[in-house]
Amino acid sequence: MATVELTFSALPAHVRTARLVATAIARRTGVEESLLDEVRLAVGEACSRAVEAHRAHCPGEPIRIELRDDSGRFEVTVSDLAPSEEIKQEKPLDLGMLSDSFMSNFGIAVIEGLADDVEVFPSPKGTNIRMSWPAAVGSSTNTSTGTI
């Protein structure tokens, strides 16, 4: 199991870099070529959502992305540190039960349509969006950490 971890400041320009890195790693882990656009768009949407939240609540804090090749899945987790004021739980969000105000962002619905599997973990300490796609078993990347 290989993991790549990125952190970046809450600037919209860094979202493009995060999309490019995620797409490159997805390709190396064996995600089908036909799914790479979905990976790129879903990661971009999750990162854009995190940038928007950070700019409003904690602009000096970094956004974290973890990309993993685990058991035949390519998994991406985008973590922000902006408090989720509407939901005071630390368990996965039932995507079918989103309130209108939470859906005003619209991004999570887009992500759900693009990723094979999506879980959203909102809390007063931030939100983690985990999404995954099928990948070829046996493909891997080197573990590394970087800052954009």
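All of these numbers come straight from a predicted model, not from anything done at the bench.

Turning our attention to the overall build of the chain. Within the chain one finds four helices and six strands. For the chain, the N- to C-terminal ordering of α and β elements is β-α-α-β-β-α-α-β-β-β. The 148 residues of the chain split such that 45% are buried. A total of about 7,500 Å² of accessible surface is found on the chain, and carbon and sulfur atoms cover 50% of it.

With respect to the secondary-structure elements, arginine 130 resides in strand S5 (residues 126-134). Once residues lying within four places of it in the same chain are set aside, the contact partners of arginine 130 are Glu75, Val76, Thr77, Asp117, Val118 and Glu119.

Formed by 34 residues in total, the largest nonpolar core has its most connected members in Ile65, Leu67, Phe74, Val76, Val78 and Met131. Those elements giving two or more residues to this core turn out to be strand S1 (2-8), helix H1 (13-29), helix H2 (36-57), strand S2 (63-70), strand S3 (73-80), helix H4 (107-114), strand S4 (117-123) and S5. Considering each element in turn, this core owes the most residues, eight residues, to H2.

As a further point, take H2. Given a rise of 1.5 Å per residue, 22 residues ought to cover 32 Å, and the 31 Å separating the end C-alpha atoms of H2 matches this to within 8%. Within H2, the full set of buried residues consists of Leu36, Val39, Ala42, Val43, Gly44, Ala46, Cys47, Arg49, Ala50, Val51, Ala53 and His54.

We now examine the confidence of the model for the chain. A residue-level look at the chain finds 77% of positions with pLDDT of 70 or above and a mean pLDDT of 83. Here residues 87-91 scores under 50 on pLDDT; set against residues more than four positions off or in separate chains, the count is 13 contacts. The low-confidence segment residues 99-104, where pLDDT is below 50, has ten contacts with residues more than four positions distant or belonging to other chains.

Attention now goes to H1. With 17 residues, H1 extends 26 Å from end C-alpha to end C-alpha; this agrees with the ideal 24 Å at 1.5 Å per step. As for H1, its buried residues are in contact with S1, H2, S2 and S3.

All told, the structure shown has eleven salt bridges when counted by the stated rule. It is possible to trace a salt-bridge network through shared partners that takes in Glu5, Arg64, Glu66, Arg68 and Asp70.

Attention now moves to the packing of H2 against H4. Between H2 and H4, the least distance of the axes is 9 Å, while the angle of their chain directions is 160 degrees. Comparing their axes, H4 and H2 come out roughly antiparallel. Of the two elements, H2 crosses H4, and the hand of that crossing is left-handed. Along the contact surface, H2 presents Glu38, Leu41, Ala42, Glu45, Ala46 and Arg49, while H4 presents Gly107, Ile108, Val110, Ile111 and Leu114. Looking at side-chain class alone, the contact of H2 with H4 contains seven nonpolar, one polar and three charged residues.

Criteria and cut-off values
Residues numbered from 1 in each chain as written. Predicted model: local features only at pLDDT ≥ 70, side-chain atom pairs only at ≥ 80, totals over all residues. Heavy atoms only, no water. Helix = DSSP H or I, 4+ residues; strand = E, 2+ residues; numbered from the N terminus. Buried < 20%, exposed > 50% of the residue type's maximum accessible area, 1.4 Å probe, protein only. Areas by Shrake-Rupley, 256 points an atom, 1.4 Å probe, with all protein chains shown as cover. Contact = heavy atoms within 4.5 Å. Core = buried A, V, L, I, M, F, W, Y, C linked by side-chain atoms within 4.5 Å. Expected span 1.5 Å × (residues − 1). pLDDT = per-residue confidence, 0-100. Salt bridge = Lys/Arg side-chain N within 4 Å of Asp/Glu carboxyl O. Axes fitted to C-alpha atoms, helices over the stretch in contact; angles between N-to-C directions. Parallel < 35°, antiparallel > 145°, perpendicular 65-115°, else oblique. Left-handed = near helix turned anticlockwise from the far one by under 90°. Nonpolar A, V, L, I, M, F, W, Y, C, P; charged D, E, K, R; others polar.

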